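Here is what each chain is made of, one letter per residue.
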Amino acid sequence: MRRNRPECDTSPDPTDVHPAWLPPAAFRAVGSRHTLVHGDGLLVDTVLREVRLACATHGGTVRRSADGPPAHLVLALTGRSPQPAETEAAGRPGGTAPATEPSGRTPSVVNDDGMRRVLDAARADLAAAGGGPLGDEGYAVVRHGEVTVVLADAPAGLLHGLFHVVRLGESAFGAPHPARAYRPVMRRRMLDHWDNVDVHPVMGQVERGYAGGSILWRDGRAHPDRARVRAYARLLAGCGINAVSVNNVNVHATEARLLTDRLDDVAEIADDLRSYGIRVHLSVNFAAPVMVGGLSTADPLDEKVRAWWVETTARVYARIPDFGGYLVKADSEGQPGPFSYGRDHADGANLLAEALAPYGGVMHWRAFVYNHRQDWRDRSTDRARAAHDTFAPLDGRFQDNVIVQVKHGPVDFQTREPVSPVIAAMPGTRLAVEFQVTQEYTGQQRHVCYLAPWWHEVLRFTPWGDDGPTVADVAADGGGLAAVSNVGDDPFWTGHPLAQANLYAYGRLAWDPRLRPEDVLDEWIDLTFDPAASADPELLRRTLHEIMDDSWRTYERYTAPLGVGFMVRPGHHYGPDVDGYEYTAWGTYHFADRDGVGVDRTRATGTGFTGQYPPPWSQVYESPEQCPDELLLFFHHVRYDHVLRSGSTVVQHIYDTHFAGVAEVTAMSDRWAALAGLVDPVVHARVDERLAEQQRSAQEWCDQVNAYFHRKSGVPDVYGRPLY
Ligand code: GCV
């Protein structure tokens with residue numbers, strides 16, 4: 001493994017960390033050329049530093065003034081002001097950016113006539129292409145003669161533009177092409193760390209973390225390895241993420257103090273993330289006025305409570321002027337919330353939003369509210385209904401700077417779920433859609449599971465039917481995307497080296513949900529595994545696609561048939577336990593008996609959950625004939641001999657997919673074995689070790705799930721395979 005520390009790092013480098021998608025080799029095309037950087041600002045300095053670092057490795061030059069050899073790459077601010085943050089019409093699907101004529105002039109630092117002409121031509125070209133404002137993060141790329149020009153209205157755009165050129169590699173310096181503008185579809189592309197400052201006795205340092213300890217916190221304080229935090233910020237900026245929430249949404253005693261006397265720790269992290277254009281957000285405890293404020297209540301309608309949040313928030317902004325805002329998990333899994341005071345979630349969210357509003361901060365308020373103390377005997381309670389039941393009636397009551405953050409499915413990041421009906425139920429509220437990059441229910445970074453195909457499917461889903469807006473449109477018009485991070489202090493960042501692709505893909509899809517997952521994977525492969533250093537880059541790329549493209553569906557095949565979820569070991573959620581949750585207080589998920597399986601969530605005979613969807617989905621999901629096979633058991637309890645749209649029976653489908661899933665994992669392992677010698681041996685060994693565990697675990701899943709349904713149903717496998 002090579003070290004990969006930004007040039008600004010002057011601290012000792014105690015760790016040997018994998019460079020992920022930004023190894024020095026990824027900068028070869030940029031670093032071997034002459035580059036000119038125009039503009040001022042913290043992020044322009046970062047651009048300059050990045051290019052300088054690349055040049056030190058690859059022999060090119062970078063400068064700020066036009067004197068010197070003719071530049072091959074120019075990164076320049078346009079000189080016009082970016083649109084105000086909240087009014088920018090980003091390049092969202094169907095959205096329009098106001099088509100105004102660029103008004104700025106070529107920056108005066110360009111005193112070289114030739115270069116001035118190139119820049120003027122690039123700007124004219126951008127205007128001719130109908131390029132309106134690029135906004136505070138967008139950029140345009142034009143290839144004019146022998147020069148590639150990146151233009152941005154604001155420094156953050158220049159940084160994103162630089163990473164764009166890095167992704168393109170040599171092809172950024174090929175044939176001339178007219179200006180192309182790139183603007184993020186989602187304004188806010190946030191990553192939520194479920195990191196505890198103190199090691200939690202049950203959940204450890206990172207709740208649902210599968211990559212070691214926290215990179216942000218250690219021994220109850222901000223982590224002393226600041227260089228690693230900056231290296232992390234660089235990776236995040238390199239895939240487009242611009243906001244990070246730095247602590248677990250379950251806010252325990254120490255973490256509650258980050259808001260008050262431990263604010264310096266947050267400020268330290270903010271300082272490291274800022275130079276890569278990333279804002280810090282903080283998870284706060286709704287009962288903070290009591291826990292750390294010494295008040296006797298946290299009632300959102302109490303005047304003293306209101307004043308406490310206003311004063312506390314003013315102190316936060318005095319210390320961290322670009323602070324992003326708060327994230328709250330309330331009335332959920334033991335976290336306090338407004339229900340304790342007979343208030344609703346609009347009362348709760350608006351209280352904190354009001355305190356944040358004067359500073360432009362946003363209040364991410366999670367819709368993950370359900371009863372985790374259910375009686376399994378009570379068949380009318382349905383966890384899937386809970387978020388909609390709580391939040392849909394509140395639509396229109398949230399302040400403008402409240403973002404209701406909705407898990408993409410109605411339950412909890414299972415391997416397969418329908419899209420949450422909340423996404424279609426709150427047109428008068430800004431919504432953010434939440435994904436889980438950490439693989440809590442998708443193999444815990446011991447299994448290969450490339451999640452981008454699933455997220456892509458969710459983002460393209462049309463909650464109101466074919467001609468309506470997509471989930472991506474709703475998020476783009478509202479609060480963007482948020483996702484739970486999969487990173488820890490593991491030398492590979494994510495435990496499983498191939499899980500890095502999930503973090504990369506999340507950032508890229510948040511920037512542009514129209515990207516195809518397989519193209520994003522190509523980008524990640526080419527950046528991460530230097531094609532020039534591989535004896536057979538085509539074989540490497542093809543094999544990684546064969547292993548990863550369909551790996552989420554492979555995982556689904558051996559774990560979660562037809563939309564059944566939660567057949568995992570309670571507590572740590574790894575490995576099979578078909579009845580593990582079936583008789584617990586956390587909800588019931590398959591209702592298997594001798595005749596059939598599945599949860600009846602219909603209006604006709606079940607919990608009525610299908611009625612939370614607008615048409616056409618309310619009808620599609622209500623009908624076992626129309627319901628997509630992959631969600632059948634999520635919505636319906638059917639007999640084992642029910643014939644699926646695929647033509648197979650339910651029970652035979654369960655057997656077939658489990659055997660197929662195991663066979664696919666065997667094929668993955670064989671393919672990976674054939675890459676020995678084509679990838680870094682340390683990476684090869686780590687993936688090899690994980691694949692061995694995946695193989696063992698997949699077999700265990702197959703044997704237990706198939707044996708379970710065989711014993712319940714008594715139906716033999718038509719192919720006579722062993723069922724135990
Ligand atoms: C942070 C699931 C996880 C919890 C997590 C929760 C949440 O229930 O198992 O660890 O808590 O989701 O999203 O808040």
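Above this text you will find the structure in question.
These figures come from a predicted structure and were not determined experimentally.

Examining the sheet that holds strand E1 (residues 34-38)
Spatial strand order, E2-E1-E3-E5-E4-E6: 6 strands in an open sheet with mixed pairing. Here the strands that pair on one side only, and so sit at the sheet edges, are strand E2 (61-63) and strand E6 (177-182). On average, adjacent strands in this sheet sit at an angle of 15 degrees to one another, irrespective of strand direction. Two elements, strand E4 (residues 139-144) and E6, share 4 bridges in a ladder whose sense is antiparallel. Its bridge partner lying in E6, tyrosine 139 is registered against tyrosine 182.

Focus on the side chain of threonine 297
By the secondary structure assignment, threonine 297 is in the loop between helix H8 (288-291) and helix H9 (303-319). In this structure the side chain of threonine 297 is engaged in a polar contact, spanning 2.9 Å, whose partner is the backbone nitrogen of aspartate 299. Threonine 297 has contacts with Pro289, Val290, Asp302, Val305 and Tyr341, leaving out every residue within four places of it along the chain.

Points about the site of the ligand
Looking at the ligand, there are 15 residues lining it, with Glu207, Lys329, Arg366, Lys407 and Glu440 nearest. Separating an oxygen atom of the ligand from a side-chain N or O atom of glutamate 440 is a distance of 2.6 Å. The protein chains hide 97% of the 330 Å² of surface that the ligand would expose on its own. Broken down by class, the residue content of the shell around the ligand amounts to 4 nonpolar, 3 polar and 8 charged.

Details of the packing of aromatic side chains
According to the stated counting rule, one finds 32 aromatic pairs in the structure shown. A centroid spacing of 6.0 Å and a plane angle of 20 degrees characterise the contact between tyrosine 232 and tryptophan 493, whose relative ring orientation is stacked. Of this pair, tyrosine 232 sits in helix H5 (residues 226-239) while tryptophan 493 sits in the loop between strand E18 (480-484) and helix H14 (500-511), and the two are 261 residues apart along the sequence. On the accessibility criterion, tryptophan 493 (4% relative accessible area) is buried. Pairwise contacts between aromatic rings join Phe461, Phe609, Tyr613, Trp617, Tyr621, Phe634 and Phe635 into one cluster. For the cation-ring pair, arginine 446 lies above tyrosine 574, with the distance from its terminal atom to the ring centre recorded as 3.8 Å.

Observations regarding the pattern of salt bridges
If charged atoms from side chains of opposite charge come close, those side chains can pair. Under the definition given, this model contains 52 salt bridges. Here aspartate 347 makes a salt bridge to arginine 397, at a shortest N to O gap of 3.0 Å. Pair noted here: aspartate 347 is in helix H10 (residues 345-356) and arginine 397 is in the loop between helix H11 (386-391) and strand E16 (402-407), with a separation of 50 residues, a long-range link. Here the salt bridges share partners, and the residues they tie into one network are Arg416, Glu457, Asp550, Arg553, Glu556, Arg557 and Glu664.

Focus on the packing of helix H4 (residues 155-168) against H5
Across the interface, H4 lies against H5 with an axial gap of 8 Å and an inter-helix angle of 75 degrees. Considering the angle they form, H4 stands roughly perpendicular to H5. Residues Leu159, His160, Phe163 and Arg167 of H4 lie in contact with H5, whose contacting residues are Arg234, Ala237 and Gly238.

Here's the deal with the pairing of strand E7 (residues 189-192)
Residues Arg189 and Leu191 of E7 are buried on one face, and the alternating residues Met190 and Asp192, pointing to the opposite face, are buried as well. Here E7 runs beside E18; their pairing, made up of 4 bridges, is parallel. Counted as the bridge partner of leucine 191 is alanine 483 from E18. Strand direction decides the pairing type here: E7 and strand E12 (residues 243-245), joined by 3 bridges, are parallel. Paired with aspartate 192 across the two strands is serine 245, which belongs to E12.

A few points about the sheet that holds E18
Ordered in space as E7-E12-E13-E14-E15-E16-E17-E18, the 8 strands form a closed barrel in which the pairing is parallel. Neighbouring strand axes in the sheet, compared pairwise and without regard to direction, differ in orientation by 25 degrees on average.

Description of the pairing of strand E17 (residues 430-436)
Buried residues dominate E17, accounting for 6 of its 7 residues. As judged from the 5 bridges shared by E16 and E17, these two strands associate in the parallel manner. Note on E17: the bridge partner recorded for glutamine 405 is alanine 432. Strand direction decides the pairing type here: E17 and E18, joined by 5 bridges, are parallel. When the sheet's bridge partners are listed, phenylalanine 435 is paired in E18 with alanine 483.

Here is what the cut-offs are and how they apply
- Residues numbered from 1 in each chain as written.
- Predicted model: local features only at pLDDT ≥ 70, side-chain atom pairs only at ≥ 80, totals over all residues.
- Heavy atoms only, no water.
- Pairing = 2+ DSSP bridges.
- Helix = DSSP H or I, 4+ residues; strand = E, 2+ residues; numbered from the N terminus.
- Axes fitted to C-alpha atoms, helices over the stretch in contact; angles between N-to-C directions.
- Polar contact = N/O pair within 3.5 Å; in protein donor to acceptor, adjacent residues only side chain to side chain.
- Contact = heavy atoms within 4.5 Å.
- Near = heavy atom within 4 Å.
- Areas by Shrake-Rupley, 256 points an atom, 1.4 Å probe, with all protein chains shown as cover.
- Nonpolar A, V, L, I, M, F, W, Y, C, P; charged D, E, K, R; others polar.
- Phe/Tyr/Trp six-rings, centres within 6.5 Å; stacked < 30°, edge-to-face > 60°.
- Buried < 20%, exposed > 50% of the residue type's maximum accessible area, 1.4 Å probe, protein only.
- Lys NZ or Arg CZ within 6 Å of the ring centre and 35° of its normal.
- Salt bridge = Lys/Arg side-chain N within 4 Å of Asp/Glu carboxyl O.
- Parallel < 35°, antiparallel > 145°, perpendicular 65-115°, else oblique.

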